Each structure stands twice: as structure tokens, then as C-alpha cells.
Amino acid sequence: MNSGKAPKGRNAADAVAAQPAPPKGRKPAQESTRKGAARGIVSSSHLVSPRSVELSELEFGLIVAWNAFSRWAMRCMAAAGCPDLTITDVLVLHHINHRARNKKLADICFVLNYEDTHVVAYSLKKLVAAELALAQKVGKEVFYSPSPAGEAAVQKYREVREACLVDNLDVERNADIGDMARLLRTMSGLYDQAARAATSL
């Protein structure tokens, strides 16, 4: 006669496994998500592919890293004396300082991978109005460069970055960081290609 208790020596997991299967056509509550979804730290379990749980983990990492980086960059620039700049403003200001070369709107959008030129054009207009950037028309093109105030702002940003971020960095991870940077550039190309493919559907 079966008493309903698990035979001696069985553990709790064995007892659970011995429970009757759910009625045909119904899934246990625990199996409502795809297999493998629980293995990764993700934000959208319904998108997890059995071919690459890691891709969903990377995408979640990109989301939280981008938001953390954006928050950091704006607060670092605020500490440098420019509190009213958006993340796009900050990135554009840094880029027009890059290598001391005047830059066109199209070049800035291309390097920073902005598809909407109007967003960058608005940032440039805002930076010029704040006297952080200069605009010079050459023929039909407008070239942008940092003003003395813009150069001072990015130098102060560098000082804050060194004190608040770089000083807390484990330099032994530099090789890993370099590998991740190369991976991110590769993945950006893959996402761009996938975006073109999706647009053609």
C-alpha cells in the first residue's frame, strides 16, 4: 500500500520529480518561459533565443551600461561647470575637441553613429549659443570647433573623470576592457546590418 510519502533515501527534488505530470495540453507554471531563459541575467525573457542566451545578456548589459554612462557623463560635465547639457551635447562637445580638427555635421554624425542629423544639429546650435563651440562657414559647409570656454570645459571634465572614475579603475582589467571595446564595435556593425535587413522586410 502506498502511503503517499517518498521512499526512504529520496531527497526533496526526487519527490517533486515523482509528482504526476500536468494534464495533456497544459504546461507547468515553471515551464511557461523558454528553456535557458533563467540561465542569463536579462530584461526581456521572451526574446531569449536558445541559440544565444548570451546575446540577451549582452543587450541587457548594453541598456544598463548606456544609461549609467549617460548619467555619469552629464554629471561629470555638470561638475566641470556645464550643468545644462544633455548626453548628446556632451558627446558632441568632446568630439569637436577631438584631435583639434574642425568638423562638419555629417562627420560628427558618422563617427558617433547618429542617424538623425537634426539631433546633432540642435546640439551644435545649443553649444554655439552657450559659447562652448564656434561655427565657421567655408563655402557651402559649416565647420565646428571648440571655443576657448569649450576647451576649458573638456579639460575640467578630464580632471573630474580622472579623480572620480579612472582613480577607481582596476587597471589589471584594461586588457578585458580593450577586448570588450572591440566586441562592441563588432556588434554595432551587426546591429546596423540587422537594422537594414529589418527595414527591407
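Up top is the structure.
Residues numbered from 1 in each chain as written. Predicted model: local features only at pLDDT ≥ 70, side-chain atom pairs only at ≥ 80, totals over all residues. Heavy atoms only, no water.

(A) Representation of the overall build of the chain in the model. In terms of helices and strands, the chain carries seven helices and three strands. In the chain, the succession of helices and strands from N to C terminus is α-α-α-β-α-α-β-β-α-α. Here the chain, with 201 residues, has 22% of them falling under the buried criterion. Taking as baseline every contact in the chain between residues at least 6 positions apart, the subset at least 24 positions apart corresponds to 45%. Split by element, the accessible area of the chain, about 15100 Å² in all, is 56% carbon and sulfur. (Helix = DSSP H or I, 4+ residues; strand = E, 2+ residues; numbered from the N terminus. Buried < 20%, exposed > 50% of the residue type's maximum accessible area, 1.4 Å probe, protein only. Contact = heavy atoms within 4.5 Å. Areas by Shrake-Rupley, 256 points an atom, 1.4 Å probe, with all protein chains shown as cover.)

(B) Structural context of the packing of helix α2 (residues 53-79) against helix α3 (residues 87-97). Relative orientation of the contacting elements α2 and α3 amounts to 70 degrees, with a least axis distance of 9 Å. It follows from the interaxial angle that α2 and α3 lie roughly perpendicular. In the packing of α2 onto α3, the handedness of the crossing is left-handed. When α2 is examined against α3, the residues Trp66, Phe69, Ser70, Ala73, Met74 and Met77 are found in contact with a partner set consisting of Ile87, Val90, Leu91, Leu93 and His94. Here the residues of the contact of α2 with α3 are counted per class, giving nine nonpolar, two polar and no charged. (Axes fitted to C-alpha atoms, helices over the stretch in contact; angles between N-to-C directions. Parallel < 35°, antiparallel > 145°, perpendicular 65-115°, else oblique. Left-handed = near helix turned anticlockwise from the far one by under 90°. Nonpolar A, V, L, I, M, F, W, Y, C, P; charged D, E, K, R; others polar.)

(C) Quick peek at the nonpolar core. With 24 residues, the main nonpolar core has Met77, Leu85, Leu93 and Ile96 as its most contacted residues. Elements represented by at least two residues in this core include exactly α2, α3, α4 (105-112), α5 (117-129) and α6 (148-164). For this core, the element with the most residues is α3, which contributes six residues. (Core = buried A, V, L, I, M, F, W, Y, C linked by side-chain atoms within 4.5 Å.)

(D) Here's a closer look at the pairing of strand β3 (residues 141-146). Pairing analysis gives two bridges linking strand β1 (residues 103-104) to β3, with the strands arranged antiparallel. Directly across from Lys104, in β3, lies its bridge partner Phe143. Judged from the six bridges that link them, strand β2 (residues 133-138) and β3 form a sheet pairing that is antiparallel. Each residue of the ladder has a partner; that of Ala133, found in β3, is Pro146. (Pairing = 2+ DSSP bridges.)

(E) Quick look at the pattern of salt bridges. Applying the stated criterion to the full structure yields four salt bridges. The partner of Lys126 in a salt bridge is Asp89, with the nearest N and O atoms 2.8 Å apart. Taken together, the residues Lys126 in helix α5 and Asp89 in helix α3 connect sequence positions 37 residues apart. For Asp89, a relative accessible area of 1% corresponds to the buried category. Across the pair Glu159 and Lys156 runs a salt bridge, and its minimum N-O distance is 3.9 Å. With Glu159 and Lys156 both in helix α6, this residue pair falls three residues apart, about one helical turn. Assessed through its relative accessible area of 36%, Lys156 is described here as partly exposed. (Salt bridge = Lys/Arg side-chain N within 4 Å of Asp/Glu carboxyl O.)

(F) Fine view of the layout of surface pockets. What the largest pocket holds in volume is close to 1900 Å³. What lines the largest pocket is a set of 33 residues, among which Trp66, Phe69, Leu91, Ala181 and Leu184 lie closest to the centre. Only α2, α3, α4, α6 and α7 (174-199) provide two or more residues apiece to the lining of the largest pocket. Looking at the lining of the largest pocket, its residues break down into 23 nonpolar, eight polar and two charged. (1 Å grid on protein atoms, 1.4 Å probe; cavity = no way out; pocket = protein on both sides within 12 Å on 5 of 7 lines; lining within 4 Å. Points joined across faces, edges and corners; volume = space filled by probe spheres on them.)

(G) Broad picture of the sheet that holds β3. Spatial strand order, β1-β3-β2: three strands in an open sheet with antiparallel pairing. The sheet is open, and its two borders are formed by β1 and β2, each paired with just one other strand. Packing of α3 onto the sheet brings it into contact with β1, β2 and β3, and relative to β3 it is tilted by some 90 degrees. This element, α5, spans β2 and β3 of the sheet and lies at about 115 degrees to β2.

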